[in-house]
Amino acid sequence: MAADCRVLFGAVLTAEGGPVELGEGSIVMENAVLRGTRRDPLVLGRQVLVGPTSYLAGCRVEDEVFLATGSRVFNGARIGTRSEVRLNGIVHLRTVLTADSTVPIGWVAVGDPARILPPEDHEGIWEVQKELDFPGYVFGLDRSGEGRSLMPAISERFGRRLGRHNDDHQI
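Analysis parameters
The written sequence of each chain sets the order in which its residues are numbered from 1. Per-residue local features of the predicted model are confined to residues with pLDDT of at least 70, and side-chain atom pairs are confined, for both listing and counting, to 80 or more; whole-chain, interface and lining totals are unaffected and use all residues. Derived side-chain values reflect all non-hydrogen atoms in the structure, with water molecules and hydrogen atoms excluded from consideration. Runs of E in the DSSP output that reach at least two residues are strands. Runs of H or I that reach at least four are helices, and both are numbered from the N terminus. The pairing criterion for strands is at least two bridges between them, as found by DSSP. One side-chain nitrogen of Lys or Arg within 4 Å of one carboxyl oxygen of Asp or Glu is enough to make a salt bridge. Each residue is assigned to one of three classes by its accessible area relative to the maximum for its type, calculated with a 1.4 Å probe on protein chains only: buried under 20%, partly exposed between the two thresholds, exposed over 50%.

Student: Please set out unusual backbone geometry residue by residue, giving values where relevant.
Tutor: Omega for the peptide link from D112 to P113 comes to 5°, which places this bond in the cis form. Inspection of the secondary structure puts P113 in the loop between β17 (108–110) and β18 (115–117). Notably, E64 is not glycine yet its phi reads approximately 60°, a positive angle. Tracing the backbone through its elements, the reader meets E64 in the loop between β9 (60–61) and β10 (66–67).

Rendered as structure tokens:
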């Protein structure tokens, strides 16, 4: 955490999987979750505001960015300087928002370069998102075939990682 950062009550910064860095003057509001990942550290630039209940995982956010309440930014995403992700906006996996971009309330940014689409355009979102390979990038797993689920493998992997703490002692 650089100078003049603020992390408000209930916010969670977890560097369990990878580093979390907050730039000078950044603010993380109530109940936001910031999570570094093994592949992608979570990096906030200077004077970034992360709104209440926002969730950020393994992403890079440049300077002077506003992430409104409920925003979601996923693994490998990059958000350019002075951009805004408004209420409940989503910046999907491996998506790149250029400087001065805006994701409107509830909309979804996906791809590199980002396409910014309304949430009801599932077909348009999926057209880009499918190629970004969420299960491969995040979990290291191939997408399941018809009638199959990735959840047994995901559950086993996460359970094993979390099990590393079975012998931890509260201090």
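Student: If you had to explain the sheet that holds strand β14 (residues 90–91) to someone new, which residues and values would you point to?
Tutor: Pairing within the open sheet is mixed, and its seven strands lie in the order β2-β5-β8-β11-β14-β17-β18. In this open sheet, the two edge strands, each paired with only one partner strand, are β2 (12–14) and β18. One ladder, built from two bridges, connects strand β8 (residues 55–57) with strand β11 (residues 72–73); its direction is parallel. Along β11, the bridge assignment pairs L56 with V73.

Student: Can you explain the pattern of salt bridges? Please cite residues and give values.
Tutor: Following the criterion strictly, the structure yields four salt bridges and no others. Here R46 makes a salt bridge to D63, at a shortest N to O gap of 2.7 Å. One end of the pair, R46, is in the loop between β6 (42–44) and β7 (49–50); the other, D63, is in the loop between β9 and β10, with 17 residues separating them in the sequence. The partner of E84 in a salt bridge is R86, and the shortest N-O contact between them spans 2.9 Å. Owing to a relative accessible area of 27%, E84 belongs among the partly exposed residues under this scheme.

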